Number of protein chains: 4
Amino acid sequence: MAAIDRVGRNLYAFVVHKFAIGVFGASGYAGRELCELVARHPGARLAFATANDRQGAHARFGGEDVTFVAAEDARLGDAQLVFSALPHGASARWVGAAHDAGAKVVDLSADLRPGNGYGSGAEDFASAMAHAPYGLTEHARAMVRGAEIVANPGCYPTVTLLALLPLVERGLVAPGATITVNAASGVTGAGMTPKRELMFAEVADDFRPYAIGNSHRHLAEMRAMLTSLGSDADLIFTPHLLPVARGILATITVPLAEPLVDVLAPWTEHYAGEPFIEVSATIPSLKDVVHRNVVRITATMAEGVRAPTVIVVAAIDNLMKGAAGQALQNANLLLGLEETMGLPV
Amino acid sequence: MAAIDRVGRNLYAFVVHKFAIGVFGASGYAGRELCELVARHPGARLAFATANDRQGAHARFGGEDVTFVAAEDARLGDAQLVFSALPHGASARWVGAAHDAGAKVVDLSADLRPGNGYGSGAEDFASAMAHAPYGLTEHARAMVRGAEIVANPGCYPTVTLLALLPLVERGLVAPGATITVNAASGVTGAGMTPKRELMFAEVADDFRPYAIGNSHRHLAEMRAMLTSLGSDADLIFTPHLLPVARGILATITVPLAEPLVDVLAPWTEHYAGEPFIEVSATIPSLKDVVHRNVVRITATMAEGVRAPTVIVVAAIDNLMKGAAGQALQNANLLLGLEETMGLPV
Amino acid sequence: MAAIDRVGRNLYAFVVHKFAIGVFGASGYAGRELCELVARHPGARLAFATANDRQGAHARFGGEDVTFVAAEDARLGDAQLVFSALPHGASARWVGAAHDAGAKVVDLSADLRPGNGYGSGAEDFASAMAHAPYGLTEHARAMVRGAEIVANPGCYPTVTLLALLPLVERGLVAPGATITVNAASGVTGAGMTPKRELMFAEVADDFRPYAIGNSHRHLAEMRAMLTSLGSDADLIFTPHLLPVARGILATITVPLAEPLVDVLAPWTEHYAGEPFIEVSATIPSLKDVVHRNVVRITATMAEGVRAPTVIVVAAIDNLMKGAAGQALQNANLLLGLEETMGLPV
Amino acid sequence: MAAIDRVGRNLYAFVVHKFAIGVFGASGYAGRELCELVARHPGARLAFATANDRQGAHARFGGEDVTFVAAEDARLGDAQLVFSALPHGASARWVGAAHDAGAKVVDLSADLRPGNGYGSGAEDFASAMAHAPYGLTEHARAMVRGAEIVANPGCYPTVTLLALLPLVERGLVAPGATITVNAASGVTGAGMTPKRELMFAEVADDFRPYAIGNSHRHLAEMRAMLTSLGSDADLIFTPHLLPVARGILATITVPLAEPLVDVLAPWTEHYAGEPFIEVSATIPSLKDVVHRNVVRITATMAEGVRAPTVIVVAAIDNLMKGAAGQALQNANLLLGLEETMGLPV
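(A) Broad picture of the interface of chain A and chain B. Taken together, the contacts link 40 residues of chain A with 39 residues of chain B. Elements with a contribution of two residues or more to the side of chain A that touches chain B: β8 (178–185), β9 (208–209), β10 (234–241), β11 (248–255), α10 (286–289), β13 (295–301) and β14 (309–316) of chain A. Classifying every residue of the side of chain A that touches chain B gives 19 nonpolar, 14 polar and 7 charged.

(B) Examining the sheet that holds strand β6 (residues 104–107) of chain C more closely. Residue and element names in this part refer to chain C. With parallel pairing, the 5 strands of this open sheet are ordered in space as β2-β1-β5-β6-β7. On the outer flanks of this sheet lie β2 (44–49) and β7 (149–151), each paired with one strand and no other. Between one strand axis and the next, the sheet turns through 20 degrees on average, direction left out of account. In terms of strand pairing, strand β5 (residues 81–84) meets β6 through 4 bridges, oriented parallel. The residue of β6 that forms the bridge with F83 is V106. Relative to β6, helix α10 (residues 320–334) is tilted by about 160 degrees, and along the sheet it contacts β5, β6 and β7.

(C) Layout of the interface of chain D and chain C. Opposite the 39 residues of chain D that make contact, chain C presents 40 residues. Split by residue class, the side of chain D that touches chain C holds 18 nonpolar, 14 polar and 7 charged.

(D) Looking closely at the pairing of strand β10 (residues 234–241) of chain D. All names here are of chain D. Within β10, 7 of the 8 residues are buried, leaving the element largely enclosed by the surrounding structure. As judged from the 8 bridges shared by strand β8 (residues 178–185) and β10, these two strands associate in the parallel manner. Residue pairing in the sheet places S185 in a bridge with L241 of β10. By the bridge criterion, 2 bridges tie strand β9 (residues 208–209) to β10 in an arrangement that is antiparallel. Across the sheet, the residue bridging to R208 is L241, located in β10.

(E) Looking closely at the relation of the copies chain D and chain C. For the pair chain D and chain C, the relating rotation is 180 degrees, the translation along its axis is 0.0 Å, and the fit reaches an RMSD of 0.0 Å. Taken together, the turn and the small shift mark the pair as related by a two-fold rotation axis.

(F) Layout of the pairing of strand β2 (residues 44–49) of chain A. Residue and element names in this part refer to chain A. When you tally the buried positions in β2, you get 5 out of 6 residues, the bulk of the element. As judged from the 5 bridges shared by strand β1 (residues 19–24) and β2, these two strands associate in the parallel manner. In the sheet register, I21 faces β2, and the bridge partner there is L46. Since β1 and β2 lie parallel, the crossover through helix α2 (residues 29–40) that links them has a hand, and here it is right-handed.

(G) Here's a closer look at helix α8 (residues 219–228) of chain C. For α8 of chain C, the tally of buried residues reaches 8 of 10 residues, placing the bulk of the element in the interior. Of the residues trailing α8 of chain C, G230 of chain C is marked for its positive phi of about 85 degrees.

(H) Looking closely at the domain arrangement of chain A. Residues and elements named next belong to chain A. One can read the domain layout of chain A as domain 1 (2–153 + 323–335) and domain 2 (155–318). Once you take the C-alpha centre of each, domain 1 and domain 2 turn out to be 25 Å apart. With 19 residues of domain 1 in contact, the opposing surface of domain 2 contributes 22 residues. At the level of elements, α4 (122–131), α5 (137–145) and α11 (320–335) are the ones that each hand at least two residues to the side of domain 1 that touches domain 2. Element by element, the count of residues in the side of domain 1 that touches domain 2 is highest for α11, at 4 residues. Taken together, the residues that form the side of domain 1 that touches domain 2 break down as 9 nonpolar, 8 polar and 2 charged.

(I) The relation of the copies chain A and chain B, seen in detail. Overlay of chain A on chain B (RMSD 0.0 Å): rotation 180 degrees, translation along the axis 0.0 Å. The overlap is high: 98% of the interface residues of chain A also sit at the interface in chain B, so the same surface is used on both sides.

(J) Examining the sheet that holds strand β12 (residues 277–279) of chain C more closely. Taken together, 7 strands build an open sheet; the order of strands is β9-β10-β8-β11-β14-β13-β12 (chain C) and the sheet is mixed. Unpaired on one side and paired on the other, β9 (208–209) and β12 of chain C mark the two borders of the sheet.

(K) Spatial organisation of helix α8 (residues 219–228) of chain A. Across the 10 residues that make up α8 of chain A, a large majority, 7, are buried. What α8 of chain A keeps buried is the set L219, E221, M222, R223, A224, M225 and L226 of chain A.

(L) Structural view of unusual backbone geometry. For A211 of chain A, which is not glycine, the phi dihedral falls at a positive 50 degrees. The class for A211 of chain A is partly exposed, based on 16 C-beta atoms found within 10 Å.

(M) Seen up close, the packing of helix α6 (residues 155–169) of chain B against helix α8 (residues 219–228) of chain B. Residues and elements named next belong to chain B. Between α6 and α8, whose axes approach to 10 Å, the crossing angle comes to 20 degrees. On the basis of their axis angle, the class for α6 and α8 is roughly parallel. As for the relative orientation of α6 and α8, their crossing is right-handed in sense. Residues P157, T160, L161 and V168 of α6 lie in contact with α8, whose contacting residues are E221, M222, M225 and L226. Partitioned by chemical class, the residues of the contact of α6 with α8 number 6 nonpolar, 1 polar and 1 charged.

(N) Examining the environment of L164 of chain D more closely. Residue and element names in this part refer to chain D. Its place among the elements puts L164 in helix α6 (residues 155–169). Residue classification places L164 among the buried positions, given that 25 C-beta atoms sit within 10 Å. Spatially, the C-alpha atoms of L164 and I252 are 8.6 Å apart, while their sequence positions differ by 88 residues.

(O) How the structure looks around the packing of α2 of chain A against α11 of chain A. Residue and element names in this part refer to chain A. At their nearest, the axes of α2 and α11 sit 9 Å apart, and the two run at 40 degrees to each other. As the angle between them shows, α2 and α11 are arranged oblique. Of the two elements, α2 crosses α11, and the hand of that crossing is right-handed. In this structure, α2 contributes A30, E33, L34 and L37 to the contact, and α11 contributes M320, A323, A324, A327 and L328. Broken down by class, the residue content of the contact of α2 with α11 amounts to 8 nonpolar, no polar and 1 charged.

What counts and what doesn't
Residues numbered from 1 in each chain as written. Chains lettered and ligands numbered in written order. Predicted model: local features only at pLDDT ≥ 70, side-chain atom pairs only at ≥ 80, totals over all residues. Contact = placed C-beta atoms within 7 Å. Helix = DSSP H or I, 4+ residues; strand = E, 2+ residues; numbered from the N terminus. Nonpolar A, V, L, I, M, F, W, Y, C, P; charged D, E, K, R; others polar. Pairing = 2+ DSSP bridges. Axes fitted to C-alpha atoms, helices over the stretch in contact; angles between N-to-C directions. Buried ≥ 20, exposed ≤ 12 C-beta atoms within 10 Å, placed from the backbone. Least-squares fit on C-alpha atoms with pLDDT ≥ 70 in both. Right-handed = clockwise from strand over helix to strand, strands pointing away. Domains from an automatic or database assignment. Parallel < 35°, antiparallel > 145°, perpendicular 65-115°, else oblique. Left-handed = near helix turned anticlockwise from the far one by under 90°.

What follows is the structure in structure tokens.
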């Protein structure tokens, strides 16, 4: 029934009527990616695109000319769904406004994510999820489908949590373990505001960690999610800046309760049939995932160590599966469309 | 007395007579770097440079024209010291030949390193060291000074061991700990032989781990060294390929017996006065170390975890402190010269 | 009538039957791009993909698994159209074999291009065109439509000739002029065979011209084309190697018979309605064209010089409009499909 | 006599007393390079380094810690020579102040260069030169030696003029010729002020011309210099932005009065004995010149054209020979030191 209804909605969107989508914060890297995806989406069209610092400027998305407007001038009533790619802190207010105006909303900021505004205890997590489910789609598909507002996960949490979920949900992580996450991101992850340390001559030929010692803001939502699943594992998360434009790769070391015999089995079983998850014995690299809404995962047991430990490697495009792509995946669910519609694989 | 003698030797080398140095395997990245360092060294000159696949070809080092010869045609008797930058397996033979001809030798291959030809037990380590000390200079300075042959450490082991030594030697590592080493290297670390996966269009915009699961050949010498110091820690070592030409950065997670109060103290104390070791609260990056014979180290305690854990970040230039620079540092000691002579800081 | 027929063929290809396409030389950069385009083409499917040095190896194109076969093992009879991305010299033989087996052929090598096998005189040009039209599609659309075999232009000639045609065909170039073409290409233009000078550490951070003094092989087809149009202009063509994977940008200086009043008019008029040509007052850059089958062109009169001179800047993706994309554009014409079908804009 | 005096001054500077050098605008790319060169110069030391936007910040030059001060707080009286790397327009005032305080000055801005403040006629040129010679050192060595203030040439003019001088001074350029200069620069040439178009993700993988149609500010000094030498040639100058940090390469097309028989002879003869000019049949690339104070030049006659034309290719490091290195070369002359002192070759 639901499937038939979805087919119907898809056909309707494709043939009769494209859903009207608004984008707040459309001039940043994630915002531009959203506009491009919407413009090329067979069942959607761009209703408005806001960029307060560039209002009146033109941009081309999907071959169409678009004029940026101020957020204040966005005609909220025109949009059936709104994405917010506004900065943390500035987003929640516009999410509320769009929702009040009748739109469904996907918020790409951290404002509504668990562990941020909503604390990190189990109760806080539940109440955050009730208000705005944490849209790690493969984990929260059913909740997203029934929601009005979705808190889209951060880029680092997306790749980390998708890599860890099969181990955590199957209870395979050693009790009291410390999980070590080393991740490296392309510079679009740092946004488009001009800063000296992001200029070409500063980033090229270089590589460096930042926020070492567990001071990155994304830890909160990763911890909140693991806690909500009953895990007692600690995380040590060290992000690095890569001299590339796009992509995140995470190398994750997980102490296990006991060795895995079939090392890929937790992932192949957990993610069977998932259209955007690729589990493979081949080591993933950024080239495999950029411009695609997928995560690629491999895993290998560490040789020559006493404590059984698996090394999981996962890669995503930080602007696609780590931001705009996953946001559209959630939006498709909110609108009752095929989850894969308009998403590059 | 030794100091006076060293001053004398330095003056002699500088004013009267430059030591004659031969380089085997001079056309690879490490070999070229060695030739350049020797050619600019105030107390040395290049006696010969071999490159079997490019014999007869010309190259410029330090502004001088040099003609590559075949290894067979190298006049071993002319050199007081020889570097071998030949590939693993091919090097030991020429190290022996040069030594038989009366030269001191620094071998940059893995052939004589502990854990390779010599096994990895404690006894093997001792016998390897007696034959050819493992030239991690800051650790083995005295042994190097009295040696005939030095086994120059690999690039990854250099950065990893220099980062870990202060913790290991002070007994600060938690008993039975698993130390996680995530390291990333520029492509010159993979050598100069043309391979499809090292071409520009394959490496640019990409990032990927390799040899995951503890299968990298450099683990042997790292483990041998830690074992020789009485450590029972396990290592999980995951190397990555960076889209840069030079530099290695290692992010190392070490479970500790108890928290460090002054987190940098183990390194500042252990390395006090070392000319090539820079300990700093600032996070190092490749830019800080390329073209310099230094290692830069920082450390931070992980927040929000139950098991006290320190994150150590260390960076080197893989061709300098990780290969040719450290080799020259050892050569200076073998020749009785100032350890810093001719080395860029 | 032709239009109706084309609509019919498109519908047929889309709904009933996809054209079977073979690719010779499928493991190089252009060959892989061709396979990817064919696999995603709504009216085509991949019949075979040859790669003599990698036969039996697997690759994924458009989400499908493909096994490379040897050219000798390709079932020529299965394909209605064949692309050859074989090296110069090796291609003509397989073009002939495919044609004999009944397929239409687009040859991406230089073997059949004017100025190569066929000399460069006007008669030679005509006879070359009769046998296998030089498929600069926007110039030779009608001839391509009626042909059996098309000689697909080189990457540098494509960008250069599309930039120059409006000036040449309108007789705007100064009589006896010397046209200066400085072009720079990403390294995929140099092919995928591993060579020392194409390795990452050699190309990164570098920039250099090659074949200076008019010794590049692509000059022949550029001159042949200009001569065929009655132009007496000389060309000075200097290619450069860029530290990027994809894209070509040409900066072309053209002495004019008299100043252009509306400097863009020759191009906007000449290319009115062309789906793959973008003329703009904005200066093009590689980012505007990579992964797209377009050429972007701008032009500006030089200030402060006595001889009226226009500077034309044009950019393409060397693997798309400069190779696989234009080849598919020609293939669509040969098969009677919409010219734009399956081509990214 | 002068030579003996210079030897004396060099010895004095080296052994007894290092010249005190001030740097205005020390936090930009050229300013930092100047500070590094001064700190490592055997006959000089850094007296002060100004950076108005970063006053109080620390930097390390030549292993020494330096604190930036505001220009207003610089103790002008302490410096025997001052470099100004301040922006165009802001520099002249501080050049005057330093000169009034008794220092010799090398100004790296355009403020005092011919064709800028001083117009571009022959008389203007002479009066500009009398006030502050245009310090293209190999051309103006004698004038620089006797000067108080030197206007250091721009990066593009340095490489272009050094490439053209031998042809122009020998009268080899065709009368009334249009010389075409296509040059490409690394992004440090655009300064260190954060701008969106200079961020890593905007510059990487891209290549684009700018200021096309002869609108680049550096044309003025190039034209002024050529005019002062009696040349009537027109210039068409098109700069490009490269995705590299450092280096400029210029490809220059010059119509000649008649063909060159020995194509390199004009350069080898004109620059015989010059320590910083390398003429070679090998095509230069950025790798040959970065971090070195040299220009590398080659030349080739164009084949297959009626008008005899030579293609000259020249490369420099924009921050060394194109800015700080040439500035120090001039400073050495102003101070009576060896011209090559402290300069990397």
